[in-house]
Amino acid sequence: MSKFNEPMFKSQELKDYVIVVTGGGSGLGLAMSKYFSQLGAKVVISSRNIDKLKIVASEMETETGGTVLPVKCDVRNYDEVEAMLQDTLKTFGKVDGLVNNAAGNFISPTERLSAHAFDTIIDIVLKGSKNCTLAFGKHWIQTKQEKATILNIVTTYAFTGSAYVVPSATAKAGVLAMTRSLAVEWAKYGIRTNAIAPGPFPTKGAWDRLLPGDLKDKFDISKKVPLKRVGDHQELANLAAYLMSDYSAYVNGEVITIDGGEWLQGAGEFNMLEAIPKELWDMLETMIRSKNK
Ligand code: HXC
Ligand code: NAP
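Below or above, wherever it landed, is the structure these notes cover. (Residues numbered from 1 in each chain as written. Chains lettered and ligands numbered in written order. Predicted model: local features only at pLDDT ≥ 70, side-chain atom pairs only at ≥ 80, totals over all residues. Heavy atoms only, no water.)

## With respect to the packing of aromatic side chains
The line we're drawing: For this analysis, a ring pair means two rings from Phe, Tyr or Trp (six-membered ring only for Trp) whose centres lie within 6.5 Å, classed as stacked if their planes differ by under 30 degrees, edge-to-face if by over 60, and tilted for the remaining angles. Criterion for a charge above a ring: Lys NZ or Arg CZ within 6 Å of the ring centre, and within 35 degrees of the ring normal.
Counted under the stated rule, the structure contains three aromatic pairs. Between Arg229 and the ring centre of Phe4, over which it is positioned, the NZ or CZ distance is 3.7 Å.

Structure follows, in structure tokens:
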């Protein structure tokens, strides 16, 4: 029996933690926030749309019995990020974790993009993650907090690059470099910095912008994955909960890929041999061995 879509921790493993999740009102941010709340954490969910956040926070509180604070914050503006930090401290007295999850993206040939369109994605993803990391990091260092955790949500094309999502790939690669750099620089302050690189996890925000209209049917994305399925939100939430918890206390500067093997499928030189039917291998082996003589 498969367990990947079940909650991994069974008890209140994040009790008394305070965790801020940017973009926590939808998609993967919501899945992580909800699970943190189920595990006893006090959660701050933030994004640009406060009406949406208020509804989500109230639903989450009913479902998990936890405390969830919705905060309006456009991560592109440092002042708003600073205000989100102050709201968190005013309400909960401290903060233990930051998940840089907010993102913007759409597909486009790069030469069709205006300079402003390119900037918009860089500003949300790279500048937004930088703003939050800098504000929260300064706070933790100044107050000499014993330990804290930053978790950055990147993508597998942060390593490989990807055509048609160039601003996003550029920005996510920057976030990955920031992850690895600060893991070393801020470890002395008790701050761990890690990243998750998800493969395809269907969400409305991503799918409507990356596979609009009938592209969804045209490109069955699960076929690109060696495990032949897309990700389940709970399995990503499980990984995030582990990385935010003390069980991962020695994991620092790591980027954990959760993609069913998708990006490696596109990379291995001979991966195309997957298409060869089993019955052909006897003949191919004979042909190859004949070359040994
Ligand atoms: C070309 C576009 C465009 C498009 C917007 N623009 N959409 N250009 N093609 N499809 C241009 C606009 O014309 C404008 O430039 C500039 O981008 C800013 O657009 P606004 O609409 O004013 O920006 P804003 O309201 O800030 O909205 C940001 C957004 C939007 C990124 C454009 O899509 C958004 O709010 N996204 C948030 C959620 C999201 O994207 N989720 C997906 C994450 S998936 P000009 O020059 O005209 O002013 C992900 C990885 C998935 O990150 C990996 C899957 C495997
Ligand atoms: P999503 O639901 O669209 O999430 C993006 C979130 O970011 C939204 O809640 C949005 O809320 C928020 N946001 C956007 N711009 C913002 C801004 N300027 N300031 C603050 N918040 C902002 O998409 P998702 O699929 O869950 O993506 C979540 C994360 O996973 C992203 O980092 C994405 O790159 C990553 N990822 C997703 C996949 C996937 O397959 N889904 C794969 C790889 C990586 P508002 O609109 O209310 O502001």
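Past the structure itself, the notes keep going.
## What about helix H1 (residues 27-38)?
Going by this rule: Helix and strand definitions here come from DSSP, where helices need a minimum of 4 consecutive H or I residues and strands a minimum of 2 consecutive E residues; each element is numbered from the N-terminal end. One less than the residue count of a helix, multiplied by 1.5 Å, gives the span that helix is expected to have. Type-normalised accessible area, obtained with a 1.4 Å probe on protein chains alone, sets the label of each residue: buried when under 20%, exposed when over 50%, and partly exposed for intermediate values.
The end-to-end C-alpha separation of H1 is 17 Å, in line with the 16 Å expected for 12 residues at 1.5 Å each. Inspection of H1 places Leu28, Gly29, Ala31, Met32, Ser33, Tyr35, Phe36 and Ser37 among the buried residues, and these make up the whole buried set. Taken from the residues just after H1, Gly40 is the one with a positive phi, measuring 100°.

## A closer look at the site of ligand 1
Going by this rule: Summary of the distance rule: residues count as near a molecule or strand when at least one heavy atom falls within 4 Å of that molecule or strand. Side-chain atoms alone can form a polar contact between residues adjacent in sequence; in general such a contact is a pair of N or O atoms within 3.5 Å, and within protein one must be able to donate a hydrogen while the other accepts it. Where accessible areas are quoted, they stem from the Shrake-Rupley method and a 1.4 Å probe; at the residue level, only the protein chains shown are allowed to cover. Following the grouping adopted for this structure description, the nonpolar residues are Ala, Val, Leu, Ile, Met, Phe, Trp, Tyr, Cys and Pro, the charged ones are Asp, Glu, Lys and Arg, and the polar ones are all others, Gly among them.
Residues in close proximity to ligand 1 total 18 residues, the closest being Arg48, Asn105, Ser114, His116 and Arg209. A distance of 2.8 Å separates an oxygen atom of ligand 1 from a polar atom in the side chain of Arg48. In the model, an oxygen atom of ligand 1 is placed 2.9 Å from a nitrogen or oxygen of the Asn105 main chain. Considering ligand 1 on its own, with 1,100 Å² of exposed area, one finds that the protein chains cover 61% of that surface. Of all the secondary-structure elements, those providing two or more residues to the shell around ligand 1 are helix H4 (115-142) and helix H7 (204-210). Among the residues making up the shell around ligand 1, the classes are represented as eight nonpolar, seven polar and three charged.

## Notes on the state of the cysteines
The condition that has to hold: Working definition: a disulfide is two cysteine sulfur atoms within 2.5 Å of each other.
Across all of its chains, the model carries zero disulfides by this definition. Lacking any disulfide linkage, Cys73 is separated from the closest cysteine sulfur, that of Cys132, by 5.7 Å. Accessibility expressed as a relative area gives 3% for Cys73, which makes it buried. Using a relative accessible area of 0% as the deciding quantity, one classes Cys132 as buried.

## Digging into a nonpolar patch on the surface
We count it as follows: To count toward a patch, a residue needs a relative accessible area above 30% and no salt bridge. Like charges then connect within 9 Å, nonpolar side chains (Val, Leu, Ile, Met, Phe, Trp, Tyr) within 5 Å. Whenever a carboxyl oxygen of Asp or Glu lies within 4 Å of a side-chain nitrogen of Lys or Arg, that contact is scored as a salt bridge.
On the surface, Phe270, Met272, Leu273 and Trp281 cluster together into a nonpolar patch covering about 420 Å² of accessible area. Position of Leu273 relative to the elements: it lies in the loop between helix H10 (262-265) and helix H11 (280-290). Of the residues examined, Leu273 reaches a relative accessible area of 31% and is grouped as partly exposed.

## Considerations on the sheet that holds strand S1 (residues 18-22)
To keep it simple, the criterion reads: A strand pair is defined by DSSP finding two or more bridges across the two strands. A fitted line through C-alpha atoms serves as each axis, taken over the contacting stretch for helices, and the angle formed by two N-to-C directions is quoted from 0 to 180°. Two residues form a contact once any of their heavy atoms are found within 4.5 Å.
With respect to topology, seven strands assemble into an open sheet ordered S3-S2-S1-S4-S5-S6-S7, the strand pairing being parallel. Every interior strand has two partners, whereas the edge strands, strand S3 (68-72) and strand S7 (255-258), have only one. Strand-to-strand twist of the sheet, defined as the mean angle between neighbouring strand axes without regard to direction, takes the value 20°. Relative to S3, strand S2 (residues 42-47) is paired through five bridges, and the arrangement is parallel. Of the residues in S3, the one forming a bridge with Ser46 is Val71. Relative to strand S6 (residues 191-198), helix H9 (residues 233-244) is tilted by about 165°, and along the sheet it contacts S1, strand S4 (97-100), strand S5 (148-153), S6 and S7.

## Digging into unusual backbone geometry
Of note in this structure, Tyr164 is not a glycine but carries a positive phi near 70°. Examined against the element boundaries, Tyr164 turns out to sit in the loop between helix H5 (157-160) and helix H6 (166-185). Even without being glycine, Lys228 reaches a positive phi, approximately 60°. Tracing the backbone shows Lys228 in the loop between helix H8 (215-218) and H9.

## Some points on the pattern of salt bridges
Under the definition given, this model contains 11 salt bridges. One salt bridge connects Glu63 with Lys34, and the closest N-O pair in it is separated by 3.6 Å. Here Glu63, found in helix H2 (residues 50-64), pairs with Lys34, found in helix H1; they are 29 residues apart in sequence, far enough to count as distant. You can call Glu63 exposed: its relative accessible area is 52%.

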